[in-house]
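Overview (structure and organization)
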Amino acid sequence: MSKEPVAVVGVGQTKHVAARRDVSIAGLVREAARSALDDAELTWADIDAVVIGKAPDFFEGVMMPELYLADALGAVGKPMLRVHTAGSVGGSTALVAAQLVAARVHATVLTLAFEKQSESNAMWGLSLPIPFQQPLLAGAGGFFAPHVRAYMRRSGAPDTIGSLVAYKDRRNALKNPYAHLHEHDITLEKVQASPMLWDPIRYSETCPSSDGACAMVLTDRAGAARAPRPPAWMLGGAMRSEPTLFAGKDFVSPRAGQDCAADVYRQAGIADPRRDIDAAEIYVPFSWYEPMWLENLGFAAEGEGWKLTESGVTELDGDLPVNMSGGVLSTNPIGASGMIRFAEAALQVRGLAGEHQVDGARKVLGHAYGGGSQFFSMWLVGAQPPDA
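Residues numbered from 1 in each chain as written. Predicted model: local features only at pLDDT ≥ 70, side-chain atom pairs only at ≥ 80, totals over all residues. Heavy atoms only, no water.

**A look at the nonpolar core**
With 56 residues, the main nonpolar core has Tyr265, Tyr289, Leu297, Phe299 and Leu365 as its most contacted residues. Taken together, the elements giving at least two residues each to this core come down to α5 (139–155), α6 (161–173), β8 (232–241), α9 (255–268), α11 (289–296), α12 (305–310), β10 (363–370) and β11 (375–382). Excluding residues that lie within four positions of it along the chain, leucine 297 makes contacts with Ala261, Tyr265, Pro273, Ile282, Leu365, His367 and Met378. Counting 39 residues, the second-largest nonpolar core is a separate cluster that includes Val8, Ala98, Leu218 and Met339. (Core = buried A, V, L, I, M, F, W, Y, C linked by side-chain atoms within 4.5 Å. Buried < 20%, exposed > 50% of the residue type's maximum accessible area, 1.4 Å probe, protein only. Helix = DSSP H or I, 4+ residues; strand = E, 2+ residues; numbered from the N terminus. Contact = heavy atoms within 4.5 Å.)

**Quick notes on the pattern of salt bridges**
Side chains that carry opposite charge are capable of pairing whenever their charged atoms lie near each other. Under the counting rule described, the total for this entry stands at 28 salt bridges. In this structure, arginine 20 and glutamate 31 form a salt bridge, with 2.8 Å as the shortest nitrogen-oxygen distance. Of this pair, arginine 20 sits in the loop between β1 (7–13) and α1 (25–40) while glutamate 31 sits in helix α1, and the two are eleven residues apart along the sequence. We classify arginine 20 as buried; its relative accessible area is 10%. Measuring nitrogen to oxygen at the nearest pair gives 3.2 Å for the salt bridge that ties lysine 54 to glutamate 115. Within this pair, whereas lysine 54 is found in strand β2 (residues 49–54), its partner glutamate 115 is found in strand β4 (residues 108–116), the two being separated by 61 residues in sequence. Each member of the salt-bridge network shares a partner with another, and the members are Lys54, Asp57, Glu60, Glu66, Arg82 and Glu115. (Salt bridge = Lys/Arg side-chain N within 4 Å of Asp/Glu carboxyl O.)

**Structural notes on the state of the cysteines**
Evaluation of the coordinates by the stated rule reveals zero disulfides. Residue cysteine 260 stays outside any disulfide, its sulfur separated by 18 Å from that of cysteine 214, the closest cysteine. Its relative accessible area of 0% is what places cysteine 260 among the buried residues. (Disulfide = S-S within 2.5 Å.)

**Side note on unusual backbone geometry**
Of the consecutive residues aspartate 199 and proline 200, the connecting peptide bond is found in the cis state with omega at 15 degrees. Note that proline 200 resides in the loop between β5 (196–198) and β6 (201–202). With a phi close to 60 degrees, arginine 104 is a non-glycine residue in the positive phi region. Following the sequence through the fold, arginine 104 ends up in the loop between α3 (89–102) and β4. Here arginine 104 falls in the partly exposed class, since its relative accessible area comes to 40%. Backbone geometry at serine 373 places phi at a positive 55 degrees, although glycine is not the residue there.

**So, the sheet that holds β2**
One open sheet accounts for nine strands, arranged β3-β2-β4-β7-β1-β8-β11-β10-β9; its pairing is mixed. Every other strand in the sheet has two partners, leaving β3 (80–83) and β9 (279–281) as the edge strands with one partner each. Strand after strand, the sheet turns through a mean of 25 degrees between neighbouring axes, direction not considered. Relative to β11, β8 is paired through eight bridges, and the arrangement is antiparallel. (Pairing = 2+ DSSP bridges. Axes fitted to C-alpha atoms, helices over the stretch in contact; angles between N-to-C directions.)

**Brief notes about the pairing of β1**
In regular strands, side chains alternate between the two faces of the sheet. Summarising burial for β1: seven of the seven residues are buried, a large majority. Pairing between β1 and strand β7 (residues 211–219): six bridges, direction antiparallel. Paired with valine 11 across the bridge in β7 is methionine 216. Here two bridges tie β1 to β8, and the two strands are oriented antiparallel to one another.

**Focus: the packing of aromatic side chains**
Scanning the model with the defined rule gives 15 aromatic pairs in all. Ring geometry for phenylalanine 144 against phenylalanine 286: centres 6.1 Å apart, planes inclined by 45 degrees, an arrangement best described as tilted. Here phenylalanine 286 lies in the loop between β9 and α11 and phenylalanine 144 lies in helix α5, a separation of 142 residues in the sequence. For phenylalanine 144, a relative accessible area of 6% translates into the label buried. Stacked on the ring of tyrosine 167, the Lys or Arg arginine 171 has its end atom at 4.0 Å from the ring centre. Its end group placed over the ring of phenylalanine 251, lysine 249 keeps NZ or CZ at 5.1 Å from the ring centre. (Phe/Tyr/Trp six-rings, centres within 6.5 Å; stacked < 30°, edge-to-face > 60°. Lys NZ or Arg CZ within 6 Å of the ring centre and 35° of its normal.)

Here is the structure:
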């Protein structure tokens, strides 16, 4: 029996900010969920199951928060499933929900991811000891900076590439009302003059700490036919993982990321991602990861990703727009960051992305990664169903 086609018929986000002190975690997730239901013109009664995800529980110090969030999400008496794959969890949560629809276990599923970083200290929470190494890093940037330097040595990329990415994404964020950072006076010179945090990563080339939630309503073909607005159809989706450390691991271009992308492209019939995909929302918490992931995902040959950034290909009006919403560099509620990439991809093919809409976007990639570049989740969504 073939899989049931999966459609995104509702998308909702909170306005992402540094601290949402006006709501609890329950209030935050309910706000995003209600927004997604309103987009789909559905009620809580129309939802068959809820799939929720977030980053490590120790961020907020609330263990297994899904247990107390059931009431806020209309899930009392319904199946509710928690997913966790570190920073990629927003993407993998959406994929688990999609699989429930594809397998015809449920017809309509609400999927949601969140983080309330103001109630935690993620930087020090992520300053974990690495076996057999001196405890010299602080935050995720301390872990990833050596991988960026390795990419620069390997590719010969000039040291200005990171600032070009940050300048682009922060300008894109000004067109997205939900984005956390709205830096109206941003200039390339300001990015390049910002303090160096983890060489070569500057302050303005890093992601913020955000409070926020994102939700989507996924449904089957019959549900999509009843939708009030155009749906986004899942053309392919996959997850891959690999250990944090192992002999031969390539931190610059992890094998799990390559394999995950290849699986998505195979499902979607993509022969040449650079030609066949119109835009991409890629998980870029530090600006240099745009060129690195462009290569990992097959949009550029090894060592060539930075040239796409430098030449303007990834600009909003470029040939391959990347992070039209402002990306993780502008909004980062960690548990939700991956789902925002997936949701923004869906908004693009639905034609509902507002000021940051890419004209004629028909196939858009959503991408997330997490942990020590070890967890990957991706989907490709299109304006037409996979069997059209």
